[in-house]
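Observations on the model geometry
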Amino acid sequence: MEVRKAVFVKSAEKIIDCPNPDKPEYAFIGRSNVGKSSLINMLVSKPNLARVSANPGKTITINHYIINDNWFLVDLPGYGYARRSKTMRGEWEHSLEEYLKERENLQCLFVLIDSRIDPQDSDLEFLNFLGNLEVPFSIVFTKIDKLNQSMRAKNMKAFTDEVLKNWEVLPPVFQTSAVEKKGRDKILKYIEEVNGQFVKPTF
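This text gives an overview of the structure that appears in the document. These figures come from a predicted structure and were not determined experimentally.

Calculation notes
- Residues numbered from 1 in each chain as written.
- Predicted model: local features only at pLDDT ≥ 70, side-chain atom pairs only at ≥ 80, totals over all residues.
- Heavy atoms only, no water.
- Buried < 20%, exposed > 50% of the residue type's maximum accessible area, 1.4 Å probe, protein only.
- Helix = DSSP H or I, 4+ residues; strand = E, 2+ residues; numbered from the N terminus.
- Core = buried A, V, L, I, M, F, W, Y, C linked by side-chain atoms within 4.5 Å.
- Contact = heavy atoms within 4.5 Å.
- Phe/Tyr/Trp six-rings, centres within 6.5 Å; stacked < 30°, edge-to-face > 60°.
- Pairing = 2+ DSSP bridges.
- Axes fitted to C-alpha atoms, helices over the stretch in contact; angles between N-to-C directions.
- Parallel < 35°, antiparallel > 145°, perpendicular 65-115°, else oblique.
- Nonpolar A, V, L, I, M, F, W, Y, C, P; charged D, E, K, R; others polar.
- Salt bridge = Lys/Arg side-chain N within 4 Å of Asp/Glu carboxyl O.

1. A closer look at helix α1 (residues 36–44)
Side chains three or four residues apart in an α-helix point the same way, a direct result of the helix having 3.6 residues per turn. A large share of α1 lies buried, amounting to 8 of its 9 residues. When we look at burial in α1, the residues that qualify are Lys 36, Ser 37, Leu 39, Ile 40, Asn 41, Met 42, Leu 43 and Val 44. Ser 45 lies just past α1 and shows a positive phi near 60°.

Shown next, in the form of structure tokens:
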């Protein structure tokens, strides 16, 4: 897929304020500082589309972008970030759960995992949460340029082994580097394939 056009649409705090769900939608989420904004910018080849911040946890709204005028890319608030107030975190979690349960045009949630670190309970618990909601998702390992091939393979195997303790099969898995633009073509090809199967919701 060639990304010819990528435009910010709107930010929403609740699902009721999201754009009309008439196009296939793909959302990106991960723990704070996993490299989500950098990955999104790499995918669409626009370095400033999603704001990259030195302050983890900056994304606190559901941010919609329209790609090639025919599908939505969504930047979701991160999870597992403790420096925000308990009340604010509770509001995020409620809005996120509502979005995941009710956004009928959501085709895939890309869950970003930092390839540099050991499996984190917050990531594994979030995947199980998605399973309970029956939300389709993929695993995206980020920052693979920061490790040699041996260490990268070791860390990814450790994570997928943990996932398989609760799942019979793995979802689609991607390896990415925003710096080296690795994984871009595979993710966009996957989106293109799913777009071809999209059935517009009836209202």
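On we go from here.
2. Overview of the nonpolar core
Ranked by size, the top nonpolar core spans 26 residues in total, and within it Leu 76, Leu 100, Leu 109, Val 111, Phe 126 and Leu 130 carry the most contacts. Contributions of two or more residues to this core are made by β2 (25–30), α2 (86–102), β5 (106–114), α3 (121–133), β6 (137–142) and α4 (149–163). Residues in contact with Phe 126, not counting those within four places in the same chain, are Ile 29, Tyr 79, Leu 96, Leu 100, Leu 109 and Val 111. Counting 25 residues, the second-largest nonpolar core is a separate cluster that includes Phe 28, Ile 40, Leu 43 and Ala 50.

3. Here's the deal with the packing of aromatic side chains
Geometry of an aromatic ring pair is reported as the spacing of the ring centres plus the angle between the planes. Taken as a whole, this structure holds 10 aromatic pairs when the rule is applied. Taking 4.8 Å as the distance between ring centres and 20° as the angle between the ring planes, the aromatic pair formed by Phe 28 and Phe 110 counts as stacked. Taken together, the residues Phe 28 in strand β2 and Phe 110 in strand β5 connect sequence positions 82 residues apart. Here Phe 28 falls in the buried class, since its relative accessible area comes to 1%. Relative to Tyr 190, the ring of Phe 110 lies with its centre 6.2 Å away and its plane at 80°, an arrangement referred to as edge-to-face. Here Phe 110, found in strand β5, pairs with Tyr 190, found in helix α5 (residues 184–195); they are 80 residues apart in sequence, far enough to count as distant.

4. Let's talk about the pairing of β6
Side-chain positions along a regular strand alternate between the two faces of the sheet. By the criterion of burial, β6 is predominantly enclosed, with 6 of the 6 residues buried. As paired elements, β5 and β6 share 6 bridges and run parallel to each other. What sits directly across from Phe 110, in β6, is Ser 138.

5. Overview of the packing of α1 against α5
Here α1 crosses α5 at 75°, and the two axes come no closer than 10 Å. Classified by the interaxial angle, the pair formed by α1 and α5 is roughly perpendicular. Counting all contacts with α1, which are made through Met 42, Leu 43 and Val 44, the residues of α5 involved are Arg 184, Ile 187 and Leu 188. Per-class residue counts for the contact of α1 with α5 are 5 nonpolar, no polar and 1 charged.

6. Considerations on the pattern of salt bridges
Counting across every chain of the model gives 12 salt bridges. A salt bridge links Glu 25 to Arg 103; the nearest nitrogen and oxygen atoms lie 2.9 Å apart. With a gap of 78 residues between them, Glu 25 in strand β2 and Arg 103 in the loop between α2 and β5 connect regions that are remote in the sequence. Given a relative accessible area of 5%, Arg 103 falls into the buried group. Note that Arg 116 and Asp 114 form a salt bridge whose closest N and O atoms lie 2.8 Å from each other.

7. Digging into the pairing of strand β4 (residues 71–75)
Among the 5 residues that make up β4, 5 are buried, leaving the element largely enclosed by the rest of the structure. By the alternation rule, side chains of β4 split into Trp 71, Leu 73 and Asp 75 and Phe 72 and Val 74, which are all buried. Of the strand pairs in this sheet, β2 and β4 are connected by 4 bridges, and their pairing is parallel. If you follow Phe 28 over to β4, its bridge partner there is Asp 75. One ladder, built from 5 bridges, connects strand β3 (residues 62–67) with β4; its direction is antiparallel. Bridging from a neighbouring strand, His 64 pairs with Val 74 of β4.

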